[in-house]
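If you want the building blocks of each chain, they are given just below.
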Number of protein chains: 4
Amino acid sequence: MKQKIKFSSTAVAFGSCADRYVLDGYSPQKSFKEILEAAKKVPDLEGIELIGGWQLTKTNARQVIKRVTDSGLKVSMIIPELWSSAKWGLGSFTANDQKIRQDAIDNVKKSMELAQESGCNPVSPWFGQDGYDYCFQADYIKSWDRIVEGVISCADYLPEVEIAVEYKIKEPRTHCFIGTIGKAILLVKEVDRANVGVNLDIGHALESYENMAESVALLKRFGNKLFHLHLNDNYRLWDDDMIPGSVHTIETLELLYWLNKTEYNGWYSLDIFPYRENGVRAVIEGIEWFKGLFRVLNRIGMDNIEKAIQEGDATKSSALIRKGLLI
Amino acid sequence: MKQKIKFSSTAVAFGSCADRYVLDGYSPQKSFKEILEAAKKVPDLEGIELIGGWQLTKTNARQVIKRVTDSGLKVSMIIPELWSSAKWGLGSFTANDQKIRQDAIDNVKKSMELAQESGCNPVSPWFGQDGYDYCFQADYIKSWDRIVEGVISCADYLPEVEIAVEYKIKEPRTHCFIGTIGKAILLVKEVDRANVGVNLDIGHALESYENMAESVALLKRFGNKLFHLHLNDNYRLWDDDMIPGSVHTIETLELLYWLNKTEYNGWYSLDIFPYRENGVRAVIEGIEWFKGLFRVLNRIGMDNIEKAIQEGDATKSSALIRKGLLI
Amino acid sequence: MKQKIKFSSTAVAFGSCADRYVLDGYSPQKSFKEILEAAKKVPDLEGIELIGGWQLTKTNARQVIKRVTDSGLKVSMIIPELWSSAKWGLGSFTANDQKIRQDAIDNVKKSMELAQESGCNPVSPWFGQDGYDYCFQADYIKSWDRIVEGVISCADYLPEVEIAVEYKIKEPRTHCFIGTIGKAILLVKEVDRANVGVNLDIGHALESYENMAESVALLKRFGNKLFHLHLNDNYRLWDDDMIPGSVHTIETLELLYWLNKTEYNGWYSLDIFPYRENGVRAVIEGIEWFKGLFRVLNRIGMDNIEKAIQEGDATKSSALIRKGLLI
Amino acid sequence: MKQKIKFSSTAVAFGSCADRYVLDGYSPQKSFKEILEAAKKVPDLEGIELIGGWQLTKTNARQVIKRVTDSGLKVSMIIPELWSSAKWGLGSFTANDQKIRQDAIDNVKKSMELAQESGCNPVSPWFGQDGYDYCFQADYIKSWDRIVEGVISCADYLPEVEIAVEYKIKEPRTHCFIGTIGKAILLVKEVDRANVGVNLDIGHALESYENMAESVALLKRFGNKLFHLHLNDNYRLWDDDMIPGSVHTIETLELLYWLNKTEYNGWYSLDIFPYRENGVRAVIEGIEWFKGLFRVLNRIGMDNIEKAIQEGDATKSSALIRKGLLI
């Protein structure tokens, strides 16, 4: 590998994960102090992601960030509050209510200020509530206009802070506007600002029948726009937010190859929901999978892989990977 | 139609629907009194479903049921508490912890007692937490043994109360043991008790790439085992719990035809999560879709449909349905 | 409707449809004369699509086109030979073999010449063989470069002939490069030629979990790039190429609304594979579904729909559509 | 491993694989002699599967079988002709045409005779054409009756020959009656004959969102009914018939564990469509993946895995597998 890997995790992985059936979470609620203590137990962890509305509120943000840095961790990402309260039910940047739209944009700008102060870069707005559930519910053109305008407004507010837009095809809406790698790049190109790129959640890519490696490659081709990376895994039909590597071994290997080839040097940040697992052990597992897969890649040899790709012979590639993996 | 249709709804459709992002729900919390008042505003509604752990607790159950009947509604279904608290995270009937297994079975039996007292029939255990998320996590054979034994124990406890097992392929687990119509019927045959059948959630059927009408037909063929019906709709990859009829118009029409043909005479019960909608209006919409689709069926004529099915010519069937629908 | 609808169909719909199991087709092979005679039996049909390699060969192309126009039909579309012979197995525009790449580009140019001569516009290259099946098989960046360069070369060859790129997420490759509406628009923007747009196959859109109406709207927003339309339906997981309207009634209604709103004035062209059906009756069914759905839209009123969309209230929209549909 | 693994392959893997676009196949047609010669180049191959209608016809069957055995291979499976000609388009065992139904049943019986003569056991009918494409096209109850009756008739014809029914959820029909593991076991139980079991195609299991290991376990639980095994892999949404192991590494590992635990001792038979690959190398790759995965399992230790499963702790299981795989 050309780069040293920096591992990070969302704070929620160490807390109590809830779903729509068990609203109190599958384990007891934890204070932020307990979450930080848990995070510190993960040997390779250097950074932690903070979510607006969950760990960060209007009043506590600076204090929370300070506690992270005091603990010896970095704030790897600030995720603006655009999707974790009822207010955004009908959209954030695309809401019909002008006041809500403005609040959403303001929330991103505030996150950018926090990021700048704390040295965290980028921030990652996720337009999860911006979409629709039913037919005849949305004006698709107007909605795109609003997202484009809103992102431009944020990008120009603090050009030195990067914005990594996260895309996802569904959930919490049945259809989200910024749903695929194609649409995400389209947004980035339309916004056309140097500080706007993409946060690739590999589970979201899988959920859209994307090959994660291909999505990384496209971000490289269209302007070197991979700004951040969310790691997890799933069974391809839903954002199961499982331990990364646990399902798609070969595709994850190819992802790592392309991250290396395209010289990605941002965070490797776990975004998992270990509902029924111990968070510390789940995060360690995810990191160990990645470290192990990198060992496999190095054993095979980056040059050998590049040669196989250039040849384009599937069985030869298969043999190369198989011999390196199944020793 | 041979039968008058009895419409029912889950109580949660009138409350505040939450998901894993907006844990407080997309609308303000409602008291049970407010929920009942909302339900009373739906003209065609005759019954209401109560969920253990949400509307029914150990201490309030009889009082809640009395309030329903006092309001002029019937309790159409009691759903035992097997999936709405952290306790069941690693399974209810299949948990490795013997005490949890016993509690789960006891909960179903208590629901059966309540059902018997209140004249509600059947109860509907849903084994949503009984499954697994990862490979190498479950003993599939032992788990099936435990479910079979547990259901037999319940069935024999009060043979005059019906048990309608609800199946679902995933969520909250990535894989649930009783996941498809085939597995549900297999369970019913293995249990082999007259009072055990199936609660068909049509969204769950869609999520498993089932044709809902075919699933109804199979339940008829294998012992007349359709005991209850949950109505909703989705985009086929997830249990979106949308207003029924809003997506799959033709398949819902065929479902209604087969419900009529197989002489289903149970409840037509809406199980929807109108996260961002007004619950009263959403339930009314669902009922009106069904009433409208029944009008279409009657206009086409049950005998004409039967003839078309027997002929098996897809374009003729299409023309028959199209002419009846798009007048 | 603002526009008169022009209906067209692929020639293959009247021929013998084969799959990988029944390679001789599910009905007897038909001569092109028989195909044309069948097409003439469809009252509303004005155009026919011709596929390179199937109906059009190097030697017969002008003669075949003449026979179509002699029969009173128009050639609605010429589809270049890029995917129907073994030669393209490892790609057309993206093949590693430079000669194959050149042949592919030449084939598109020859189609453009034919289109120009015959007054047909646009031609529609489909990069179905340009993709990959396995991990570590493709250089994603190089492949995109090649498609972009190739399409530019074609676009500049005859700027007065339109090129409508068709996208599809999978089949015949497990992953196709130009797979989604986002990627298709990205390609069009990258190519940046006035005569390059998109052929939207609504079944391909469904297969990518797209809402067809949204895809139409995006093509409007990003440069009015909807050049052609392929009609069919499927169960959302595969390109079943069924009679349009037979599965997704409401989504097809919304599609028609947006086609009208965005003033699409191209062909409504059926691209179906009636493997086991009579082709003439299947095409008639498809056209009648569309005509019926337009009647429903007109009954509801375009202005009323626009108001509902602007309001963004899902239950109100549902009621509006339901009352217009289920009378 | 308790058992020596016997590898087999379908003959088609060495021939020319076609799809609905490239009907002549992606490589030149091969004579049966050439197919056999190719098969002999695979070091670990002991058996070959023959498909009625493709390799076996009414007149050549005995001769073809003799050529296989003369070549030193065994006939691992005879697949009756129920799905490879237009005749079966509207069904084989479930066709409305009584003569076609009878022909289908007779074809299975003839296959059973051939199997008995040649020492091959079992035969594997696949009801791929028995299903429906559109709503209102099928009488689901009557169709199941016909399949049950037909299979009983075959089973009783030669009780010493085993019948391994293969299930698949879709393709070539959009919906097949015997589509899932649940329905397959239901059929086997309804037929209730000692010589009737299941042919588990692991790609078909994946396509139905099944965990392959769980399907093996269920076949054990419900009467030890795993009679045959088809190996391949896919991306979970379609029967891509890829080289086994190339996508789902961990799930394939768990499959192998359960095959060993349940003492499966039948063939490990590759059923792949290497459209664009060299068949010999593709089959070798598949076998090498399996051999390598067995090595990994043995390194981890069957007892250690069993302990992990009994504990049911996902992160512990993950660590165990990871350490054995990623050394």
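What comes next concerns the included structure. Everything quoted here is computed from the prediction, not taken from an experiment.

Topic: the interface of chain B and chain D
Each side of the interface is counted separately: chain B has 53 residues, and chain D has 53 residues. Approximately 4900 Å² of surface area, both sides summed, lies buried where chain B meets chain D, with 63% of it carried by carbon and sulfur atoms. On the chain B side of the interface with chain D, the three residues burying the most area are Phe136, Tyr209 and Arg221 of chain B, jointly 18% of the side's total. If you look at where chain B meets chain D, you find eight salt bridges. Across the pair Glu214 of chain D and Lys183 of chain B runs a salt bridge, and its minimum N-O distance is 3.9 Å.

A closer look at the side chain of Lys183 of chain A
In this structure, Lys183 of chain A sits in helix α5 (residues 181-191). A residue is classified by how much of its surface remains accessible, and Lys183 of chain A, at 7% relative accessible area, is buried.

Structural notes on the relation of the copies chain B and chain D
Mapping chain B onto chain D calls for a rotation angle of 180 degrees and an axial translation of 0.0 Å; the resulting RMSD is 0.0 Å. Taken together, these values place the two copies in the relation of a two-fold axis. Distance from the rotation axis, computed per C-alpha, reaches its smallest value in chain B at Gly182 of chain B: 2.0 Å. Counting the interface residues of chain B, we find that 100% of their copies in chain D are interface residues as well, pointing to one common contact surface.

Digging into a positive patch on the surface
Together, Arg295 and Arg299 of chain A together with Arg295 and Arg299 of chain D make up a positively charged patch on the protein surface. Sorting the residues of the positive patch by element identifies α9 (279-300) of chain A together with α9 (279-300) of chain D as the ones contributing at least two each. Owing to a relative accessible area of 35%, Arg299 of chain D belongs among the partly exposed residues under this scheme.

Let's talk about the pattern of salt bridges
Within this structure, the stated rule accounts for 104 salt bridges over all chains. Between Lys4 of chain A and Glu46 of chain A there is a salt bridge; the shortest N-O distance is 2.8 Å. With Lys4 of chain A in the segment before β1 (6-10) and Glu46 of chain A in strand β2 (residues 45-51), this residue pair connects regions lying 42 residues apart in the sequence. For Lys4 of chain A, a relative accessible area of 65% puts it in the exposed group. Beyond isolated ion pairs, a larger network of salt bridges with shared partners links Arg20 of chain A together with Lys168, Glu171, Asp239 and Asp241 of chain B.

Description of the layout of surface pockets
Of the volumes computed, that of the largest pocket is approximately 670 Å³. The wall of the largest pocket is formed by 44 residues, among which Leu90 and Gln137 of chain A, Arg276 of chain B together with Gly312 and Asp313 of chain C lie closest to the centre. Of all the secondary structure elements, the ones that give two or more residues to the lining of the largest pocket are β4 (131-132) and α4 (140-157) of chain A, α1 (32-40) and α9 (279-300) of chain B together with α10 (302-311) and α11 (314-325) of chain C. Among the residues making up the lining of the largest pocket, the classes are represented as 15 nonpolar, 14 polar and 15 charged.

Let's talk about the sheet that holds strand β1 (residues 6-10) of chain B
Sheet strands pair via backbone hydrogen bonds, and the direction of the pair is either parallel or antiparallel. Residues and elements named next belong to chain B. In spatial order, the strands read β3-β2-β1-β9-β8-β7-β5; together these seven strands make up an open sheet with parallel pairing. Edge positions in the sheet fall to β3 (74-79) and β5 (163-166), since each of these pairs with one other strand and no more. Averaged over all pairs of adjacent strands, the angle between their axes in this sheet comes to 30 degrees, without regard to strand direction. For strand β8 (residues 226-231) and strand β9 (residues 267-270), the ladder comprises two bridges, and the chain directions are parallel. Within β9, the position partnered with Leu231 by the bridge is Leu270.

Procedures and definitions
Residues numbered from 1 in each chain as written. Chains lettered and ligands numbered in written order. Predicted model: local features only at pLDDT ≥ 70, side-chain atom pairs only at ≥ 80, totals over all residues. Heavy atoms only, no water. Contact = heavy atoms within 4.5 Å. Buried area = accessible area lost by both parts, 1.4 Å probe. Salt bridge = Lys/Arg side-chain N within 4 Å of Asp/Glu carboxyl O. Helix = DSSP H or I, 4+ residues; strand = E, 2+ residues; numbered from the N terminus. Buried < 20%, exposed > 50% of the residue type's maximum accessible area, 1.4 Å probe, protein only. Least-squares fit on C-alpha atoms with pLDDT ≥ 70 in both. Patch = residues over 30% accessible without salt bridge, like charges linked within 9 Å, V, L, I, M, F, W, Y side chains within 5 Å. Areas by Shrake-Rupley, 256 points an atom, 1.4 Å probe, with all protein chains shown as cover. Lys, Arg positive; Asp, Glu negative; His and termini not counted. Charge placed at Lys NZ, Arg CZ, Asp CG, Glu CD. 1 Å grid on protein atoms, 1.4 Å probe; cavity = no way out; pocket = protein on both sides within 12 Å on 5 of 7 lines; lining within 4 Å. Points joined across faces, edges and corners; volume = space filled by probe spheres on them. Nonpolar A, V, L, I, M, F, W, Y, C, P; charged D, E, K, R; others polar. Pairing = 2+ DSSP bridges. Axes fitted to C-alpha atoms, helices over the stretch in contact; angles between N-to-C directions.

Read these as spatial facts, not as claims about activity.
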